[in-house]
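Coordinate analysis (summary)
Here is what each chain is made of, one letter per residue.
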Amino acid sequence: MTKSIMDKLFSIVRDDQQVFEFTQKKALDGFMLLNPETPNKIWLNPKIRTVLGYKANNFEKEVDAEKFLEIENIEFLTNLKKGKYQIHLKHKQGFSLLLNSEVLKVELNGSPLLIYAFSQIDPLPEVKINLLRKINRYKKIIEGTELGTWQWNVQTGETIFNTQWAEVIGYKLEELEPTSVETWKLISHPEDEEKCNQALQEHFKGRTDYYQTDARVRHKKGHWIWVRDKGKVVSWTENGEPEWMTGFHVDITEEKNRLEIKKLFIDQAPSAIAMFDKEMQYIAASQQWKNDYNIADIELEGRRHYDLFPNISEEWKEIHRRCLNGEAHKEAEDCYIWEDGTEQWMSWEVKPWYTSEKEIGGVIIFTADITKLKIAEQENFRKQQLMETVLDSIDVGIIACDKDGKLTLFNKATKDWHGLPAQHIPQDKLSEYYGLYSIDGSHQLETSEIPLLKALQNGHIQNEEILIKPNHGKEIKASVNGSQLFDENGNISGAVIAMHDITERVAAEKKLQISEEAFRGSFEHAAIGMAILDPTGKWIKVNNRVCEIVGYTPKELLNLTFHDITHPDDLDLDVKLLEELVNGERDHYHMDKRYFHRNGMVVYIHLAVSLVRDEDKNPLYFISQITDITKQKIAEEKLNKALIQIEGLLEASTQVSIISINNSGIITAFNKGAENLLGYSKEEMIGKQTPSIIHSKQEIDALSKKFEKTYGERHEGTALFMALAQKKSYDTREWTYKRKNGTVFPVQLTITAISDGDEIIGYLGVATDISDLKTAQRDLTNILKLTNDQNARLKNFAHIVSHNLRSHSGNLGMLLDLYVEDHEDQKDDQIIKMLYKASSNLKETIDHLNEVTVINTNESDSFSPIPLYTEIEKAINSVGALINDADLTIYNEVPKDCEIHGIKAYMDSILLNFTTNGIKYRSPERESFLRFTIKQKKKFVQLIIEDNGLGIDLARHRQKLFGMYKTFHNNKDSRGIGLFITKNQIEAMGGKIEVQSEVDEGTKFIITLKKYEKN
């Protein structure tokens, strides 16, 4: 079929001059034939085949058009008319080659035939052809490794991906076509774009041999996976710009997950460990590492170690380089001499860590300060020297002999056990003399069985057990170890053995056997859960407490594994720790985890696991101790919530200054209230200043002297605040604070120590601004001073008025008496009688005023305990005759042990006044009574005086009830002065009086007085 087309082509060329010239002049780089009626088949002459990277032979056959043309170009080519075009043909190396083309359409036996003549726009130089061949060869090699490879024209954006590249992200290659650099951008994680671009630029600028990044790409299923992308520029433009770049990517998601686990382990490790990548950039570091190197406040991940420590020595850098090349370096003891002359001993280890492809991913560095250990070793050496001098004091039997078996050393413990000193005894008599028997006591040791001679003969013995039966004393069971001694020339000079008393150990082993049954009982009835599991995690035996914790019966639980009831978020860590236990990396582990209870709820437990191995060191079973900590976890959650609330409260205290310091006096907390009151910000204070910056130095110095005088200790600056808080649970006093702008204001400051158990870890100062309080105190002091002055003047005035009026009143009475003596005839004169009456009333009024004045001004009357029952009885007895005449019944129901704190003279007057009032204002309509009772309050006594007399109309008279000269009945003896004086006397003793009354029913007076207390 094809040959007939070639025959037809040759006949056309031969017969048609135009076609001949067209193929000779236009087809400088070859030509192609295409029948529009069968466009899926084309024919290429040898020349164009060579241009496209194929051999010139095998050109006789037609080929599939898709091998050299894109599908969309085939349709385009079949519709071309005569003219010039640019056409893309596929090169054998996989790239697209753009060619100039002219089309000539001819007729052949009635069928159309298109002839495409080609000439290269930019002929491929031999160097590029060779490069493409090399790329193709590498491509074949890479395909054999099943790597996801890519090629990228940096200048045009053209990309070529292989099938494995697409499969890594879950696609088939045809699903992503047509591909370009945009294909990569569409699946890349936006957060990784900057990192990738930076790595590319570093490679383009020649700073790195390869481009390499770990980045995230979106899988076809929608989730993100990690890939390691590595590539290299393989050709450059004439201007030195990167042109073609080739590389590969591999899925490293699992490696990243393992790396995260390593990071988590390192982050939580109790020792100083750090993990670095190949560039010595931090991947993870433990808290101890951060603390040891004073970088706890720095975000380490991604930071270069050498940038943080620019003075690191070249010696260390060389160690790092060697470890990155696969070496491991460590030093058990390394001494550093600091500038101040102190020695620090360090133990360190640097070794590489490997990726899942067994490639070095970076280094891990472990350091430990062993200064204390080294000092301890030196101390141990000193002790060892000392031990050699006190060998005889140890409780281990030491025996040595020379090469002939003659005893040379027989320490005190040995003498005590045998009850005999060392003697030169023939070897065949040693067992008999020293009582040496087999461990079971069945026979004396033969000469060849004696441990010392066996060691001399055989070189060494280990853990041989014998029984010593001394002539006197208890039997000793001993474990014997021994070896030969050598002189300086390496010749045997004797032997030495050490005998350890194992009498108690053997007895203990017997007791242990006996206690196995007891252990079983303890296992079953232990307060915590105990279980035995096989190496697969299946429950073998559980006690009652385990069943209570998880809600399963023993039978149900024995059909499960611990995996079945473990919360999935805790399972990985549990399994990891279990594997480390099996691998011998640890001998036990503890963890908090969650179980699912049979009813579905979550139970928090603390798990402790150890491993029992068989005689071949193979795992036999796991022993688990399980403690229910659900309540503790709930309490922790509540505590955390409370702490959050407290933190919020601290920040909400905008007008209360709250400042905490550490044991070095440095401020560690500075709340919003402190910022508002002092004008400083947190950033200015925390970790940078001490409280001295806000205090007056004069105040601190003055209190420091006072403190030294009181306690005999001298403290200055911030140390004074710490000392104040340590002397008692808290210290509260007034201080002067100094603001940032220099102004000062008074505060009341309370200082307390912050403790963690018995250890003080810091101090807290809480201060409030008392400027307004101080102003109010000054105003109140002035008011009190003014009031005292006025009271003093009033007191003087009262005394003057009382004295002067009494004098004038007395003179008036004397004048009237003299006048009547001279004019007896006028003695009964109405005017004279009225003058006498007025003079008498005036004298009585002055006496009443003087009595009130004395009550309110007499400060000399002292308070004392007053037995209330006794004083009431005294008042009743003093008016006993009046009580009998009035037929009044009096009830004194006050307890005899009731005492008040008052002035005795006032109390006598008060009780007498109320008793006589009960007589005067009784009702004639009924049998009258007067009752005295009390009610006890915390610090007061209420005396209740109740009658059933005439009563008082309180609606009319309440406001004037205790006024001077106020009367409420028509009794001829009523003067209106008694209640007035009584109220003043009660108030002078710090009490008060209240009244309840109904007309014609009676009256109740309630008098509140201070209770007497001995202390």
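Just above sits the structure.
The rules behind these values
Residues numbered from 1 in each chain as written. Predicted model: local features only at pLDDT ≥ 70, side-chain atom pairs only at ≥ 80, totals over all residues. Heavy atoms only, no water. Helix = DSSP H or I, 4+ residues; strand = E, 2+ residues; numbered from the N terminus. Contact = heavy atoms within 4.5 Å. Areas by Shrake-Rupley, 256 points an atom, 1.4 Å probe, with all protein chains shown as cover. Pairing = 2+ DSSP bridges. Phe/Tyr/Trp six-rings, centres within 6.5 Å; stacked < 30°, edge-to-face > 60°. Buried < 20%, exposed > 50% of the residue type's maximum accessible area, 1.4 Å probe, protein only. Lys NZ or Arg CZ within 6 Å of the ring centre and 35° of its normal. Core = buried A, V, L, I, M, F, W, Y, C linked by side-chain atoms within 4.5 Å. Salt bridge = Lys/Arg side-chain N within 4 Å of Asp/Glu carboxyl O. Axes fitted to C-alpha atoms, helices over the stretch in contact; angles between N-to-C directions. Arc of directions from axis to C-beta. Patch = residues over 30% accessible without salt bridge, like charges linked within 9 Å, V, L, I, M, F, W, Y side chains within 5 Å. Lys, Arg positive; Asp, Glu negative; His and termini not counted. Charge placed at Lys NZ, Arg CZ, Asp CG, Glu CD. Parallel < 35°, antiparallel > 145°, perpendicular 65-115°, else oblique. Left-handed = near helix turned anticlockwise from the far one by under 90°.

This paragraph deals with the overall build of the protein chain. The secondary structure content of the protein chain amounts to 34 helices and 39 strands. Taking all contacts inside the protein chain whose residues are at least 6 apart in sequence as the whole, residues at least 24 apart take part in 47%. Looking at the protein chain as shown, the accessible area adds up to about 60,700 Å², and 51% of this sits on carbon and sulfur atoms.

Right, let's talk about the pairing of strand β5 (residues 96-108) for a bit. As paired elements, strand β4 (residues 83-90) and β5 share 8 bridges and run antiparallel to each other. Among the inter-strand pairings, Leu 89 is bridged to a residue of β5, identified as Leu 97. Remark: 5 residues form the turn of the hairpin made by β4 and β5, two consecutive strands paired antiparallel; Gly 94 in that turn has positive phi of roughly 105°. As judged from the 10 bridges shared by β5 and strand β6 (residues 111-120), these two strands associate in the antiparallel manner. Of the residues in β6, the one forming a bridge with Asn 100 is Ser 119. Taking the residues between adjacent antiparallel strands as the criterion, β5 and β6 are bridged by 2 residues, where Asn 109 takes a positive phi near 55°.

A few words on the packing of aromatic side chains. Enumeration according to the criterion identifies 16 aromatic pairs in this entry. When the centroid spacing of 5.4 Å and the interplanar angle of 40° are considered together, the rings of Phe 410 and Tyr 434 count as tilted. Residue Phe 410 is found in strand β18 (residues 407-410), and its partner Tyr 434 is found in helix α16 (residues 430-434); the two are separated by 24 residues along the sequence. Just as Phe 410 is buried, Tyr 434 falls in that class too. Ring geometry for Trp 539 and Tyr 595: centres 6.4 Å apart, planes at 70°, overall edge-to-face. Residue Trp 539 is located in strand β24 (residues 539-542), and its partner Tyr 595 is located in strand β25 (residues 588-596); the two are separated by 56 residues in the primary sequence. Given the relative accessible area of 3%, Trp 539 is considered buried. Three or more aromatic residues link up through ring pairs in this structure, and these residues are Phe 276, Tyr 282, Trp 289, Tyr 293 and Phe 309. Taking NZ or CZ as reference, Lys 469 lies 4.5 Å from the ring centre of Tyr 437, over its face. Across the ring face of Tyr 891, the terminal group of Arg 931 is positioned such that the distance to the ring centre comes to 4.8 Å.

Further remarks concern the nonpolar core. Counting residues in hydrophobic clusters, the biggest one holds 37 residues, and the most contacted among them are Leu 868, Met 907, Leu 943 and Ile 1007. Elements with a contribution of two residues or more to this core: α30 (868-878), α32 (904-920), β36 (929-936), β37 (940-947), α34 (978-988), β38 (992-998) and β39 (1002-1010). Per element, the largest residue contribution to this core is 6 residues, and it comes from α32.

Before going further, it helps to examine the pattern of salt bridges. If charged atoms from side chains of opposite charge come close, those side chains can pair. Following the criterion strictly, the structure yields 37 salt bridges and no others. In this structure, Asp 1000 and Arg 926 form a salt bridge, with 3.6 Å as the shortest nitrogen-oxygen distance. Of the two residues, Asp 1000 is situated in the loop between β38 and β39 and Arg 926 in the loop between α32 and β36; the sequence distance between them amounts to 74 residues. Among the ionic pairs, Lys 983 bridges to Glu 987, the shortest N-O distance being 2.6 Å. Here Lys 983 pairs with Glu 987, and both are found in helix α34, just 4 residues apart, close to one helical turn. Taking the relative accessible area as the measure of exposure, Lys 983 reaches 25% and is therefore partly exposed. Glu 987 sits in the partly exposed class, given a relative accessible area of 41%. Because the salt bridges share partners, they merge into one network encompassing Glu 314, Lys 317, Glu 318, Arg 321 and Arg 322.

Taken in spatial order, the 6 strands make up an open sheet running β18-β17-β22-β21-β20-β19, and their pairing is antiparallel. Every interior strand has two partners, whereas the edge strands, β18 and β19 (436-438), have only one. Geometrically, the sheet is characterised by an average inter-axis angle of 35° between neighbouring strands, direction not taken into account. As paired strands, strand β21 (residues 476-486) and strand β22 (residues 492-501) are joined by 9 bridges and run antiparallel to one another. Residue pairing across strands places Gly 482 opposite Ile 497, the latter belonging to β22. Lying on the sheet, helix α17 (residues 451-458) is in contact with β17 (397-402), β18, β20 (460-468), β21 and β22; it crosses β22 at an angle near 140°.

Along helix α13 (residues 314-324), the residues classified as buried are Trp 316, Lys 317, Ile 319, His 320 and Cys 323. Down the axis of α13, the sector holding all buried residues measures 155°, keeping them to one side. Facing away from the buried surface of α13 by more than 90 degrees, the exposed residues are Glu 314 and Glu 315. The secondary structure elements touched by the buried residues of α13 are α12 (305-308), β14 (329-337), β15 (343-354) and β16 (360-369). Just past α13, the residue Gly 326 takes up positive phi, approximately 110°.

One ladder, built from 6 bridges, connects β17 with β22; its direction is antiparallel. Residue Asp 402 lies in a different strand from β22, and its bridge partner there is Gly 494. Counted along the chain from β21 to the antiparallel partner β22, the turn is 5 residues long, and its residue Gly 490 has a positive phi close to 85°.

Once that is clear, we can look at a nonpolar patch on the surface. Residues Leu 780, Ile 783 and Leu 784 make up a contiguous nonpolar surface patch of roughly 290 Å² in combined accessible area. Topologically, Leu 780 is positioned in helix α28 (residues 771-822).

The subject of this paragraph is the side chain of His 695. By the element assignment, His 695 lies in the loop between α25 (682-685) and α26 (697-711). Ignoring anything within four residues of it in the chain, the contact list for His 695 reads Ile 700, Phe 721, Trp 735, Thr 736, Tyr 737, Lys 738 and Leu 749.

With that settled, consider a negative patch on the surface. A surface patch of negative charge is lined by Asp 817, Glu 821, Asp 822, Glu 824, Asp 825, Asp 828 and Asp 829. For Asp 825, the location among the structural elements is in the loop between α28 and α29 (830-857).

In helix packing, the relevant descriptors are the interaxial angle and the interaxial distance, both defined with respect to the helix axes. Where α30 contacts α32, the axes come no closer than 9 Å and their chain directions differ by 50°. Classified by the interaxial angle, the pair formed by α30 and α32 is oblique. Here α30 and α32 pass one another in a crossing that is right-handed. In this structure, α30 contributes Leu 868, Glu 871, Ile 872, Lys 874, Ala 875 and Ser 878 to the contact, and α32 contributes Lys 904, Met 907, Asp 908, Leu 911, Leu 912 and Thr 915.

Another aspect to go through is the sheet that holds strand β1 (residues 31-34). Hydrogen bonds between backbone atoms are what pair the strands of a sheet, whose relative direction is either parallel or antiparallel. Read across the sheet, 6 strands follow the order β3-β2-β1-β6-β5-β4 without closing on themselves; strand pairing throughout is antiparallel. Looking at the sheet topology across the chains shown, the edges are occupied by β3 (63-64) and β4. Sheet topology places β1 next to β6; 4 bridges connect them, and they run antiparallel. Bridge pairing links Leu 34 to Leu 114 in β6. Sitting on the sheet, helix α2 (residues 17-25) touches β1, β5 and β6, and the angle it makes with β5 is about 175°. Lying over the sheet, helix α4 (residues 71-78) contacts β1, β4 and β6, oriented at roughly 115° with respect to β6.

So yeah, pure geometry; function would need other evidence.
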